[in-house]
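Each chain is listed here by its residues.
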Amino acid sequence: VSQSRYCLRFSQNFAISAMPVIGVIDIIVAILTILKPNFYLFIWATFWCILTAVSRFTAGESFLEVLERFPTIVCQLLPCIKYFIQKQRLDDLTL
C-alpha cells in the first residue's frame, strides 16, 4: 500500500468516537435539505462532499478515489448553480 506524503493519521479511538457525530450531522443536513432547502445548507453539503473526497487522497489512497467521487460533488453543486441562475434572472427582471 503506497502512502501519500500528505497523509493524515488519526487514532482508531478518535475515528470511532468521531464517526457517530459525523453521521448525526450528515443525517441532520439531509433532513433539513428535504424539509427546508437553503442555499447555505447546499454550500455546506458541497464543502463537506469535497472535503471527504479529498480526505481519501490525504489518507494515502489513489487520486482515482477522489475522481470516483466527482459525480457526487457535481450533484451537490447543482442546487447552488440553480440558485445563482434563479438569482440572476430575478436581478435581470428588476433592472
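Residues numbered from 1 in each chain as written. Predicted model: local features only at pLDDT ≥ 70, side-chain atom pairs only at ≥ 80, totals over all residues. Heavy atoms only, no water.

**Q** Before we go on, may I ask you to explain the environment of Leu78 in this structure?
**A** You can see Leu78 is positioned in helix α4 (residues 70-94). Of the residues examined, Leu78 reaches a relative accessible area of 48% and is grouped as partly exposed. Taking the C-alpha atoms as reference points, Leu78 and Thr46, 32 residues apart in sequence, are found 9.5 Å from one another. (Helix = DSSP H or I, 4+ residues; strand = E, 2+ residues; numbered from the N terminus. Buried < 20%, exposed > 50% of the residue type's maximum accessible area, 1.4 Å probe, protein only.)

**Q** So what exactly am I meant to see when it comes to helix α2 (residues 39-58) here?
**A** A turn of α-helix holds 3.6 residues, and therefore any two residues three or four places apart point the same way. In this model, α2 (20 residues) spans 28 Å end to end at C-alpha, consistent with the 28 Å of a helix rising 1.5 Å per residue. Listed as buried for α2 are Phe39, Leu41, Phe42, Ala45, Thr46, Cys49, Ala53 and Thr58. The backbone nitrogen of Tyr40 has a side-chain oxygen 2.7 Å away, supplied by the residue at the start of α2, namely Asn38. Two residues or fewer after α2 comes Gly60, characterised by a positive phi angle close to 100°. (Expected span 1.5 Å × (residues − 1). Polar contact = N/O pair within 3.5 Å; in protein donor to acceptor, adjacent residues only side chain to side chain.)

**Q** Looking at this model, I keep getting lost on the side chain of Thr46. Mind explaining?
**A** Here Thr46 is to be found in helix α2. Aside from chain neighbours lying at most four places away, what touches Thr46 is Gln76, Leu77 and Cys80. (Contact = heavy atoms within 4.5 Å.)

**Q** Can you help me understand the layout of surface pockets in this one?
**A** Picture a little ball the size of a water molecule; that probe, rolled over the atoms, points out where space is still empty. In this structure, the largest pocket spans a volume of roughly 900 Å³. Around the largest pocket, the lining is made up of 26 residues, and of these Ile22, Trp48, Leu51, Thr52 and Ser55 lie nearest the centre. Looking at the lining of the largest pocket, the elements with two or more residues in it are α1 (12-35) and α2. Per-element tally for the lining of the largest pocket: the top contributor is α2, with 11 residues. Its residues assigned to classes, the lining of the largest pocket comprises 17 nonpolar, 5 polar and 4 charged. (1 Å grid on protein atoms, 1.4 Å probe; cavity = no way out; pocket = protein on both sides within 12 Å on 5 of 7 lines; lining within 4 Å. Points joined across faces, edges and corners; volume = space filled by probe spheres on them. Nonpolar A, V, L, I, M, F, W, Y, C, P; charged D, E, K, R; others polar.)

**Q** Looking at this structure, how should I read the pattern of salt bridges?
**A** When the charged atoms of two side chains lie near each other, side chains of opposite charge can form a pair. Using the criterion set out here, one finds 2 salt bridges in the structure. Across the pair Arg69 and Glu68 runs a salt bridge, and its minimum N-O distance is 3.5 Å. The exposed category is assigned to Glu68, whose relative accessible area is 53%. (Salt bridge = Lys/Arg side-chain N within 4 Å of Asp/Glu carboxyl O.)

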